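So you can see what is in the structure, the chains are spelled out below.
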Amino acid sequence: MSDKRMRQGTGPAGHRTVERLVAAWLAETERHDPGAAGEARDGWERGALSEQAAQDLATWVTARVTDTGFTEDEGPYVAGPVRITPADKDTVHAWLRARGHAV
């Protein structure tokens, strides 16, 4: 697989990361805004998130980074329902950009 595909989050590992995080994002969104979650889920299943859903996903994954890689002395661990690393965030952002979203 090319380095470019990995950077874009389109390789198998990137796709698994995106699927895992989109599922968590949709579940959380469903609890707070069922209408928006339904629209986002429809877009996800069609393979075309709306620009609003893409921006919401990008913001969510950034805000939910839970594994900063810092030690206790360097920064706090952020609790969350799924483990999200800075690399996971970068993968989701790259995946969105590869699909034409401004992230």
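In case you missed it, the structure is sitting above this.
Small disclaimer: the values here were computed from a predicted structure and weren't measured.

A word on the layout of surface pockets
Roughly 200 Å³ of internal volume is contained in the largest pocket. Contributing to the lining of the largest pocket are 13 residues, with A36, E39, A40, S50 and A53 lying nearest its centre. For the lining of the largest pocket, the elements supplying multiple residues, two or more each, are α2 (12-32), α3 (34-46) and α4 (51-63). Broken down by element, the lining of the largest pocket gets its largest block of residues, five residues, from α3. The class makeup of the residues in the lining of the largest pocket is six nonpolar, four polar and three charged.

Concerning the nonpolar core
Grouped together as the largest cluster of nonpolar side chains are 19 residues, with contacts concentrated most on W25, L49, L57, W60, V92 and L96. For this core, the elements supplying multiple residues, two or more each, are α2, α4 and α5 (86-98). Every residue in contact with W25, bar those within four places of it in the chain, is listed here: A40, L49, A53, D56, L57 and W60.

Things to note about α4
Taking 1.5 Å of rise per residue, 13 residues should cover 18 Å, and α4 covers 18 Å from first to last C-alpha, within 8% of that figure. What α4 keeps buried is the set A53, A54, L57, A58, W60 and V61. All buried residues of α4 fall inside an arc of 165° around its axis, so they share one side. Exposed and facing more than 90 degrees away from the buried side of α4 are Q52, T59 and A63. The inward-facing, buried residues of α4 contact α2, α3 and α5.

What counts and how
Residues numbered from 1 in each chain as written. Predicted model: local features only at pLDDT ≥ 70, side-chain atom pairs only at ≥ 80, totals over all residues. Heavy atoms only, no water. 1 Å grid on protein atoms, 1.4 Å probe; cavity = no way out; pocket = protein on both sides within 12 Å on 5 of 7 lines; lining within 4 Å. Points joined across faces, edges and corners; volume = space filled by probe spheres on them. Helix = DSSP H or I, 4+ residues; strand = E, 2+ residues; numbered from the N terminus. Nonpolar A, V, L, I, M, F, W, Y, C, P; charged D, E, K, R; others polar. Core = buried A, V, L, I, M, F, W, Y, C linked by side-chain atoms within 4.5 Å. Buried < 20%, exposed > 50% of the residue type's maximum accessible area, 1.4 Å probe, protein only. Contact = heavy atoms within 4.5 Å. Expected span 1.5 Å × (residues − 1). Arc of directions from axis to C-beta.

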